[in-house]
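# Structural characterization, general
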Amino acid sequence: VQLQASGGGLVQAGGSLRLSCAVSVSIVNANAMGWYRQAPGNQHELVATITRGGMTNYADSVKGRVTISRDNAKNILYLQMNSLKPEDTAVYYCNSIYPTAWSTRQYWGQGTLVTVSS
């Protein structure tokens with residue numbers, strides 16, 4: 001399973017970006033998918049997740065500004081980010097969790113850099 005994140009870039013505060021994560025296999029059977037981020041000097045943190053059933057969860061820091069969605073037909077995970085703030089600057093990683101015969105396995109994309117200027 002390969003994940004390819006894209007859509008990052010430089011944006012001014014208050015602007016918007018949409019991140020995409022293309023998955024090499026069907027995402028229909030993924031237990032959950034998500035976006036995480038890591039800013040310089042900070043720990044890896046959750047941004048948003050979405051389950052197979054479509055339930056979403058957001059970090060408090062992005063609630064109301066970010067929407068996670070998935071296109072099962074295209075095998076793409078999205079993260080729409082609005083009202084961006086300088087503190088949103090980070091490398092964003094997409095993640096998927098698939099069931100295995102006995103457990104689950106996580107897969108990560110390579111990351112896409114989001115830089116928000118003030």
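Notes on the structure follow.

Scoring rules and cut-offs
Residues numbered from 1 in each chain as written. Predicted model: local features only at pLDDT ≥ 70, side-chain atom pairs only at ≥ 80, totals over all residues. Heavy atoms only, no water. Helix = DSSP H or I, 4+ residues; strand = E, 2+ residues; numbered from the N terminus. Buried < 20%, exposed > 50% of the residue type's maximum accessible area, 1.4 Å probe, protein only. Lys, Arg positive; Asp, Glu negative; His and termini not counted. Salt bridge = Lys/Arg side-chain N within 4 Å of Asp/Glu carboxyl O. Polar contact = N/O pair within 3.5 Å; in protein donor to acceptor, adjacent residues only side chain to side chain. Contact = heavy atoms within 4.5 Å. Disulfide = S-S within 2.5 Å.

## Focus on the side chain of Arg70
If you trace the backbone, Arg70 turns up in strand E7 (residues 66–71). For the buried Arg70, which has no salt bridge, the nearest side chain bearing the opposite charge is Asp71, at an N-O separation of 8.8 Å. Within the structure, the side chain of Arg70 is placed 3.0 Å from the backbone oxygen of Thr51, a separation counted as a polar contact. Polar contacts involving the side chain of Arg70 include one to the side chain of Asn72, which spans 3.2 Å. Those residues in contact with Arg70, other than ones at most four positions away along the chain, are Ile27, Val28, Ala30, Met33, Ile50, Thr51, Arg52, Ile76 and Leu77.

## Looking at the pattern of salt bridges
Applying the stated criterion across every chain, the model contains 4 salt bridges. Of the charged contacts, one joins Lys63 and Asp60 as a salt bridge, the two residues approaching to 3.2 Å between their closest N and O atoms. For Asp88, the salt bridge goes to Arg65, with nearest N and O atoms at 2.7 Å. One end of the pair, Asp88, is in the loop between strand E8 (76–81) and strand E9 (90–99); the other, Arg65, is in the loop between strand E6 (56–58) and E7, with 23 residues separating them in the sequence. Take Asp88 and Arg65: they sit in the same class, and that class is buried. Among the ionic contacts, a cluster of salt bridges with common partners joins Arg37, Glu45, Arg65 and Asp88.

## A look at the state of the cysteines
With the rule as written, the count across this model stands at 1 disulfide. Across the disulfide, Cys21 is cross-linked to Cys94 (sulfur-sulfur distance 2.1 Å). Taking the torsion about the sulfur-sulfur bond, which here is approximately 65 degrees, the covalent link between Cys21 and Cys94 counts as right-handed. Here the residue Cys21 occupies a position in strand E3 (residues 17–23), and Cys94 occupies one in strand E9, the gap between them amounting to 73 residues. Classification of Cys21 as buried rests on a relative accessible area of 0%.

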